[in-house]
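Close look at the chain arrangement
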Amino acid sequence: MSHSPRESSTPTEFGSQYDTDEEQLTEVTPLTAPDGSAPQTNNRHSDSWITFKTRLRYYVPVFSWLPTYSIQIFIEDFLAGLTVTAILLPSALSYSVLAKLPPVHGLYAVVIPGAIYSFLGTSKQLVIGPEALVSMLIGSSVVQQQRYMDKEGDEVSAILIAGLITFFVGILTFILGIVRLGFLDSVLSRALLRGFISAVAIVIMIEQLLVMFKLSETAAKDGIGHASSSVETFVYIITHLDHAHILTTMVSFSSLAFLLITGFIKKKLSKRWPQVQFAPEILICVIIFTILCNILNWDEDGVDILGSIKGGGFPSFQLPFPNHSHLRDCFEAAALISVIGFVESIVVTKTYATKHNYAVSANRELVALGTANLVGSFFQCFAAYGGMARSGINDRAGAKTQLAGLINATLVLLCLLFLLSAFYYLPKPVLAAIVTVAAISLLEELPHDLYFMYKIKAWKDFALLFLTFFSTIFISIEYGTLISVALSLILVVKHSTYPRITLLGRIGDTNRFKPIKDFPDQAEHVEGVLVVRISEPLYFANTGQLKDRLRRLEEFGDMSVHPSEEARMSPIENVIFDIETMEDIDASAVQILLEIIVAYHQRGVNVFFVKLRENQRKLFIRAGITDRVGSDHFFKRIPDALEYINRVGLNIE
């Protein structure tokens, strides 16, 4: 019996047994109805079911890898999840301190968002959790809001404020994905982003020095707080080192030295013995100093310890809507966190997708990250995104699917249920050292970027980087944030409003034309004729400067010449627009183009168009451009237009 190609195809990976049964049933189904017509109903239902399964696998990626999952893959994912958990546990506790929240909330931010992402995310290696930069931004906003509410230091209000910011982060990120704005990872200038991230790293380290010297309380009494700039805080620390707590200082810098040295050794040894890279030096540091603190009674000698951690167990449901909060400020902070968090996550996602040759979608990543944070905001989490370091460990540990992230979240949940008491004697200076190491890692790419900018003489990027850096250091993170976002948007708008037009010249005595700017020794101006190529679609944003740019090309022949110079070009009598690469044009641009044509005609300059697209011809007719220019002024090639000018005697040599 014959089959359609669909009926004879192999079972799909999702629901393969069901599909096989369906095919067997299809074989005994009559191909024609009693009246001789084809039975359409079953085919329509079958097609709808196949379409539904295809869409489900696409939008909920768990259904694409779960049906083919195996015990061998589970073992690899479990080992990867276990390895990452050993690194993420102490880091999550430390980042909670940065976010001005109780330590347990860092673990919450691993469990809920991490579990949700494992079902919706497209990256197999990305590990979701708290990040130093995002935590710092949340902590800064929490402190600012608490000052407005006159509740500084209140844990309950801090949890609600962080939850509200995370709620906005989730909503914004989700909406960005739904409306397909996954290209936003290209909006922030790399120079601005590098300057901001580097400055935040410095701010983090300076703030942790207060904890590492145990000067926080003294500084608060002397008026040094979160309203102070980082420079003021650093000067205070330097001038008050004689007030530092000796034992706390020793614990702080010995743990910091341990982390830096072991990290350096691990990096060196891993080249020869790859297994060394999985050593959880942060967890080892936490275990060693917690045991030493318990045995030597450092807490009795003045070293601050974590103590009894409030919370624990599965994160409880809580509406993240505090009273008297400044929603606009929280929303602004969430907007920056959404963009920065997504940029960092998508870089990791694309890196490992390329390495392992599988497809990812920036838009679906936005939806997954947005959903993870949105749900997490109702379970006392703060914003969580993917991190390069832990995702790299996850990859090298052998993670094969998103289940490694779910295993990681499950292991952290088990810690919340049964192991929180083990962190009772963990010294807070050790957490500060862990955060400091994370901040140092944020500076790793700065030297490379600075050298690259110097190498290519990108002085504008240099200026943007340092402007953002110093505004964040000397004023505040809020101002640095504002400047970063504002300048990025200004640069994007400036770029998009700059019409791409090129002056073309003839190559010798041939009929070939090339950009004069790119071929200055070959392409020559045609006397009395301005040949201009419009190299992009025209719309309301990029036509505002079109008149001015055409005037400058007419006078100087090059946009790089300063407008104060004397005109270098002889007067023109004809203008030819090559619009082959102008794929589209909107109503505003058509109106401005008509005004340009009218202005040329008033000066006695003839206007011609070359390679007008069929989809734009009707628009030119309706707008009156065709009547204004003349239907005989449209040509398929530039040489044809020049030949017409010669033939009718329009003053061309």
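Residues numbered from 1 in each chain as written. Predicted model: local features only at pLDDT ≥ 70, side-chain atom pairs only at ≥ 80, totals over all residues. Heavy atoms only, no water.

- Per an unreviewed UniProt entry, the protein is named STAS domain-containing protein, and its organism is Rhizophagus irregularis.
- Its UniProt record gives the protein a comment under Subcellular location (unreviewed entry), which states: "Membrane". (UniProt positions renumbered as here; feature names shortened; annotations may be inferred.)

**Thoughts on the pattern of salt bridges**
- Applying the stated criterion across every chain yields a total of 18 salt bridges.
- Among the ionic pairs, Arg390 bridges to Glu131, the shortest N-O distance being 2.9 Å. Separated by 259 residues along the polypeptide, Arg390 in helix H16 (residues 388–396) and Glu131 in the loop between strand S1 (128–129) and helix H7 (132–149) bring together distant segments of the chain. Summarising the burial analysis for this pair, Arg390 and Glu131 share the class buried.
- We note a salt bridge from Asp578 to Lys611, for which the minimum N-O separation is 3.9 Å. Of this pair, Asp578 sits in strand S7 (residues 574–578) while Lys611 sits in the loop between strand S8 (606–610) and helix H24 (614–623), and the two are 33 residues apart along the sequence.
- Asp578 gets classed as buried once you look at its relative accessible area, which sits at 2%.
- Relative accessible area serves as the criterion here: at 28%, Lys611 is assigned to the partly exposed category. (Salt bridge = Lys/Arg side-chain N within 4 Å of Asp/Glu carboxyl O. Helix = DSSP H or I, 4+ residues; strand = E, 2+ residues; numbered from the N terminus. Buried < 20%, exposed > 50% of the residue type's maximum accessible area, 1.4 Å probe, protein only.)

**Topic: the packing of aromatic side chains**
- Summed over all chains, the structure comprises 29 aromatic pairs.
- Relative to Phe474, the ring of Phe470 lies with its centre 5.8 Å away and its plane at 40°, an arrangement referred to as tilted. Placement of the pair is Phe470 and Phe474 together in helix H20 (residues 459–474), with a separation of four residues, close to one helical turn.
- Classification of Phe470 by relative accessible area gives partly exposed; the value is 39%. (Phe/Tyr/Trp six-rings, centres within 6.5 Å; stacked < 30°, edge-to-face > 60°.)

**Points about the pairing of strand S3 (residues 501–507)**
- Among the seven residues in S3, five count as buried, and that is most of the element.
- Where S3 lies against strand S6 (residues 529–534), three bridges are found, and the strand directions are antiparallel. Across the sheet, Leu503 pairs through a bridge with Val532, a residue of S6.
- Counted along the chain from S3 to the antiparallel partner strand S4 (residues 513–515), the turn is five residues long, and its residue Gly508 has a positive phi close to 60°.
- Relative to strand S5 (residues 523–524), S3 runs antiparallel, the two being bridged by two bridges. Paired with Ile507 across the two strands is Ala523, which belongs to S5. (Pairing = 2+ DSSP bridges.)

**Description of the confidence of the model for the protein**
- Residues at a pLDDT of 70 or more form 89% of the protein, whose mean pLDDT is 84.
- Note that residues 1–35 has pLDDT below 50 and, in this model, 42 contacts with residues that lie over four places away or in other chains. (pLDDT = per-residue confidence, 0-100. Contact = heavy atoms within 4.5 Å.)

**Side note on the pairing of S7**
- S7 sits mainly inside the fold: five of its five residues count as buried.
- Residues Asn574, Ile576 and Asp578 line one face of S7 and the alternating positions Val575 and Phe577 line the opposite face, and both faces are buried.
- With five bridges joining them, S6 and S7 adopt parallel strand pairing. Each bridged residue has a counterpart across the sheet, and for Leu530 the counterpart in S7 is Val575.
- Taken together, the five bridges between S7 and S8 define a ladder with parallel strand orientation.

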